[in-house]
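# Architecture and fold: a report
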Amino acid sequence: MGGSHSYDASRVRIAEVKRGDLVRDISAEGRVIAANSPTLYAIAGGTVTLHVVAGDVVKQGQALAEIDSPELRSQLAQEEATLASLEAEASRAALDAQLARSTARKLLDQAEIDRVAAQRDLERNERGFAGGAVPQIEVARAQDNLKKSDIGVEHAREDLGLQGRGASLDTRNKHLLADRQRAIVDELKRQVDALTLRAPFDGQVGQVQVAQRANVAVNAPVLSVVDLSRFEVEIKVPESFARDLGIGMPAQLTSGSGQPYPGAVSAVSPEVVNGEVTARLRFADKQPPGLRQNQRLSARIVLGTRRNVLMVERGPFVDQDGGRFAYVMDGDLAVRRAIRTGVSSLNAVEILDGLRPGDRVVVSGSDLFADAKQVRISGE
């Protein structure tokens, strides 16, 4: 008579409040994915010749496919011809510079010889004038010739310097043009070499996305390569636990044989999709042998442990009313009582206020009570 409604005990689940260590953890089924699985693309349009099929084991540097691109190879040949022409012009400019310097040096040498001759002529005329055999006009003429020779030597020396600098500039410009063209040729050679798609590491061919001898466009995906030495496990975590996840948290991964392997959280997605967040786990020491992509593994992540807390089994009552009320058994009556909850794990929830050790709480099935203040539980 104490309850407005009566429900059979088989329709509800009752748990006892007790003290203990609350281990916050996440358990989920994960999917094995390759940590390194790049897709190789066509650097130019052309016809593809495949040397491997999906599933082939390959070594680093092995040729996987070749793209025949006549346009790119023709462009390389044209640029190489242009480079040969510019290199010849640079060599010719260097030779012209050498000839210009040689001519200027010859003119300087001739001017210096003329000056020496003018100096000797002046000395001879001065001696003749002193002996009375040469008139003064001849001495003056010899002095003028010496000054003229000095001017010729000075100009010849300046011309030598100018010719040298001008020839050096012309040669440098020609070499710069040749270097620029050489960079273009090197880039085209790199592109032509990239027409042969090679394995970036030891691994296995994943998905082949083109048919043999098919014509592909530039930047079209051709095939992917899977690194068999590095696998990760992708799991889906409820949004309520995602905020507690952090990179580097320890995890335990269990293979199909039941053997556990230590791991750690390597990445957490910043996006929530359908109430879940995607996380990646990485093997810490070694990974199980024979792993394959999309294989299922069990994962457990320990978020933390709270010592000697008041807790009760987790159930739907936590989500009802935001965990602010619970039905506590008083004999055969379930009385609605205000409570305050703390952190929770997959199996238990912390009780901060409103309950005492030994209290028995309806953890599931209380949605039938329609928020009644108390109900009778028959058969309890």
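Going by the structure above, here's the rest.
Let us look at the structure shown here. (Residues numbered from 1 in each chain as written. Predicted model: local features only at pLDDT ≥ 70, side-chain atom pairs only at ≥ 80, totals over all residues. Heavy atoms only, no water.)

### Concerning the sheet that holds strand β8 (residues 196-198)
In plain terms, the rule: Only strands that DSSP links by at least two bridges are regarded as paired with each other. Secondary structure is summarised from DSSP: a helix means a run of H or I of at least four residues, a strand means a run of E of at least two, and numbering begins at the N terminus for each.
Ordered by their spatial adjacency, four strands build an open sheet running β8-β7-β5-β10, and the pairing between neighbours is antiparallel. Every other strand in the sheet has two partners, leaving β8 and β10 (215-216) as the edge strands with one partner each. Pairing between strand β5 (residues 46-50) and strand β7 (residues 63-68): four bridges, direction antiparallel. Bridging from a neighbouring strand, Val 48 pairs with Ile 67 of β7.

### Comments concerning the nonpolar core
For clarity, the cut-off: To form a nonpolar core, buried Ala, Val, Leu, Ile, Met, Phe, Trp, Tyr and Cys residues must be joined to one another through side-chain atoms within 4.5 Å. To sort residues, take the accessible area from a 1.4 Å probe on protein chains only and compare it with the maximum for the residue type: under 20% means buried, over 50% means exposed, and anything in between is partly exposed.
Residues Val 48, Leu 50, Val 58, Leu 64, Val 222, Leu 223 and Val 225 are the most contacted members of the largest nonpolar core, which totals 27 residues. Broken down by secondary-structure element, the contributors of at least two residues to this core are β5, β7, α1 (70-130), α2 (136-194) and β11 (221-226). In terms of nonpolar packing, the next biggest core, distinct from the first, is built from 24 residues, Ile 26, Phe 241, Met 249 and Ala 251 among them.

### A closer look at the packing of aromatic side chains
Heads up, the rule is: Working definition: a ring pair exists when centres of Phe, Tyr or Trp rings (six-membered ring for Trp) sit within 6.5 Å. Plane angles under 30 degrees give stacked, over 60 give edge-to-face, the rest tilted. Should the NZ of a Lys or the CZ of an Arg lie within 6 Å of a ring centre and within 35 degrees of the ring normal, that charge is described as sitting over the ring.
Across all of its chains, the model carries three aromatic pairs by this definition. Centroid distance Tyr 7 to Phe 369: 5.2 Å. Interplanar angle 40°. Geometry classified as tilted. Here Tyr 7, found in strand β1 (residues 6-8), pairs with Phe 369, found in the loop between β21 (360-364) and β22 (374-378); they are 362 residues apart in sequence, far enough to count as distant. As far as burial versus exposure is concerned, Tyr 7 and Phe 369 are alike and both buried. Between Tyr 327 and Phe 369, the ring centres sit 4.7 Å apart and the planes meet at 85°, which makes this aromatic pair edge-to-face. Taken together, the residues Tyr 327 in strand β17 (residues 325-330) and Phe 369 in the loop between β21 and β22 connect sequence positions 42 residues apart. Residues Tyr 327 and Phe 369 agree in their burial class; the two are buried. When the ring centre of Phe 325 is taken as origin, the NZ or CZ atom of Arg 336, which lies over that ring, is 4.0 Å away.

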